[in-house]
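Chain by chain, the residues run as shown.
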Amino acid sequence: MNSKEKAVEILDRLIKLKPDGAEVYFKSSESFNVEVKDQKVEALDASRSHGIGVRLLLGKRMGFGFTSDINEESIEGLIKNLFANTRNIQDDRYSTLPDKPAEDYRSPSVFDENIERVSGDERIRKAAILEKAAIDYDSRIKKVRKASFSLSIYDILILNSKGIEVSYKGTASSVSVMAVAEDRGDSQIGWDFAVSPFLHRLDMEGVGRMAARKAVEMLGARRINSVRAPVVLDSSVTADLLGVLAPALSADAVQKGRSLFAGKSGQKIAAPFLSLIDDGLLPEGIATSPADDEGIPMQRKVLIDRGELKGFLHNTYTAKKDGIRSTGNCVRGGFRGIPGVGITNLYIEKGDISKESLIKEIERGLYITEAMGVHTANPISGDFSIGVSGLWVEGGEYSYPVREAVISGNIIDLMKKVNGISDDIRFYGRIGSPSIRVMDIDISGGS
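Since this is a predicted model, take the numbers as computed values, not measurements.

**A word on the sheet that holds strand S18 (residues 426-428)**
- Sheet architecture is open: six strands sit in the order S10-S9-S8-S13-S19-S18, paired in mixed fashion. The strands lining the two open edges of the sheet, one partner per strand, are strand S10 (308-309) and S18.
- Relative to strand S19 (residues 431-433), S18 is paired through three bridges, and the arrangement is antiparallel. By the bridge assignment for S19, phenylalanine 427 is matched with glycine 432.
- Helix H6 (residues 235-248) contacts strand S8 (276-279), strand S13 (346-348), S18 and S19 of the sheet and is inclined by roughly 135° relative to S19.

Shown next as structure tokens:
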């Protein structure tokens with residue numbers, strides 16, 4: 001009997017014991033990662049895992065258990081302990097499992113057969129291409145600290161006693177590289193990465209060149225005087241800021257008073273041409289799938305519509321608290337994880353002008369290419385003070401690289417001051433963004 005068959009058997013055994021609800025979540029995965037240095041293998045890792053997570057509902061009490069061992073003794077112990085432990089859990093009137101959805105599951109493409117076919121030698125060769133592209137970009141690139149290539153395949157099955165049954169198979173591929181540029185005693189680092197469910201969407205050479213370019217363009221960076229000026233945030237920096245906003249868009253954070261958006265639904269919180277989308281059905285999205293992690297069909301949600309906050313992300317539990325339907329945003333960290341709330345493919349809708357056009361309209365300002373310490377932004381107040389580097393702009397042209405500057409303010413104020421959105425949207429994992437321009441912000445220098 002294979003693992004999927006065992007998951008079905010476990011649900012049948014649970015149902016015979018007549019709980020108020022039961023759910024079985026099965027996941028198996030295989031992953032491979034190779035790191036190359038000086039065109040030779042530096043590290044090589046491969047792993048496999050599989051397991052089953054079980055939720056049990058007894059009255060208003062929800063219990064959870066898991067196992068990576070599917071022999072009869074382990075399964076019997078899991079079921080016995082789960083019933084015993086659930087009886088000792090405190091009542092929670094919002095504890096529930098989702099009903100079988102009325103609508104059919106869509107079948108977005110999330111599996112790349114080519115990933116199954118890539119040989120070990122080919123995996124190493126692709127990592128070597130990545131490193132070589134960075135080294136060959138410019139004679140000032142002296143070394144590559146890390147060039148890595150990863151592949152993974154996963155298999156998921158979700159069943160519950162209310163009739164939910166959904167399964168799918170998916171893939172992921174990623175590359176990352178860190179290049180070091182040196183010139184006249186100065187040394188700068190550039191980094192880039194890409195991730196996709198489909199191998200053919202990874203531009204190995206493009207990622208290598210981008211990392212090298214970032215390192216080279218920062219050579220000779222200087223400090224600037226403190227100033228209040230317009231800035232253009234590179235798509236990668238905007239994506240970092242969205243990473244701070246993402247937890248605040250969770251209904252769980254809102255319900256617990258831990259979100260800067262609490263009480264602001266229906267209000268204007270951003271520029272009138274800024275829209276923020278969470279789309280679990282996005283073509284080629286790394287988080288795209290037929291269903292979330294408790295079997296609710298994936299959906300496209302407009303969270304900010306032309307500046308107005310429209311709503312939050314829900315799983316079944318938080319939706320019951322607010323008396324609404326789940327938005328299909330249940331996430332869990334594999335079979336060992338308790339279901340929570342999280343994003344799928346979150347992104348700012350792109351504009352219709354180029355990044356170069358955003359910059360040409362700046363008389364004096366800063367194009368920010370890297371931000372440090374974004375995670376220190378306060379998710380409740382929205383206040384931030386983060387280190388940045390980039391290129392100073394004079395008369396719409398790049399003038400010189402800037403290091404050790406600090407920008408500070410409030411995230412909502414920043415979103416309201418956006419006065420330009422480019423068409424260069426790019427995804428960094430689950431989060432995507434174009435470059436955006438902010439009319440003015442406090443920039444602290446150090447010269």
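**Observations concerning the pattern of salt bridges**
- Under the definition given, this model contains 36 salt bridges.
- The residue glutamate 122 makes a salt bridge to arginine 125 at a minimum N-O spacing of 2.8 Å. One end of the pair is glutamate 122 and the other is arginine 125, both in helix H4 (residues 120-137) and three residues apart, which spans about a single turn.
- With relative accessibility at 23%, the residue glutamate 122 sits in the partly exposed group.
- By relative accessible area, which is 43% here, arginine 125 ends up partly exposed.
- Taking the shortest distance from any N to any O, the salt bridge between glutamate 308 and lysine 310 comes out at 3.5 Å.
- One network of salt bridges, in which partners are shared, links Lys6, Glu9, Arg13, Glu72 and Glu76.

**A short note on helix H5 (residues 204-217)**
- For H5, built from 14 residues, the straight-helix expectation of 20 Å at 1.5 Å per residue is met to within 8% by its first-to-last C-alpha distance of 20 Å.
- Close packing links the buried residues of H5 with H4, strand S4 (141-160), strand S5 (165-183) and strand S6 (186-196).

**Some details on H6**
- Given a rise of 1.5 Å per residue, 14 residues ought to cover 20 Å, and the 20 Å separating the end C-alpha atoms of H6 matches this to within 8%.
- Most of H6 is tucked away: eleven of the 14 residues are buried.
- Along H6, the positions that sit buried rather than exposed are Ser235, Ser236, Val237, Thr238, Ala239, Leu241, Leu242, Val244, Leu245, Ala246 and Ala248.

**Considering the packing of helix H1 (residues 3-16) against helix H2 (residues 72-87)**
- Orientation of H1 relative to H2, taken along the N-to-C sense of each, is 40°, at an axis distance of 12 Å. The orientation of H1 relative to H2 falls into the category oblique. Crossing angle aside, the handedness with which H1 passes H2 is right-handed. Residue-level inspection shows Lys6, Glu9, Ile10, Arg13 and Leu14 of H1 in contact with H2, the latter providing Glu72, Ile75, Glu76, Ile79 and Phe83.

**Quick notes on the sheet that holds strand S1 (residues 21-37)**
- Spatially, the six strands line up as an open sheet ordered S3-S2-S1-S4-S5-S6, and their pairing is antiparallel. Of all the strands in the sheet, just strand S3 (61-67) and S6 have a single pairing partner and so form its edges. Averaged over neighbouring strand pairs, the angle between their axes works out to 15° when direction is ignored.
- Packing of H1 onto the sheet brings it into contact with S1, strand S2 (40-58), S4 and S5, and relative to S1 it is tilted by some 155°.
- Lying over the sheet, H2 contacts S2 and S3, oriented at roughly 155° with respect to S3.

Analysis parameters
- Residues numbered from 1 in each chain as written.
- Predicted model: local features only at pLDDT ≥ 70, side-chain atom pairs only at ≥ 80, totals over all residues.
- Heavy atoms only, no water.
- Pairing = 2+ DSSP bridges.
- Helix = DSSP H or I, 4+ residues; strand = E, 2+ residues; numbered from the N terminus.
- Contact = heavy atoms within 4.5 Å.
- Axes fitted to C-alpha atoms, helices over the stretch in contact; angles between N-to-C directions.
- Salt bridge = Lys/Arg side-chain N within 4 Å of Asp/Glu carboxyl O.
- Buried < 20%, exposed > 50% of the residue type's maximum accessible area, 1.4 Å probe, protein only.
- Expected span 1.5 Å × (residues − 1).
- Parallel < 35°, antiparallel > 145°, perpendicular 65-115°, else oblique.
- Left-handed = near helix turned anticlockwise from the far one by under 90°.

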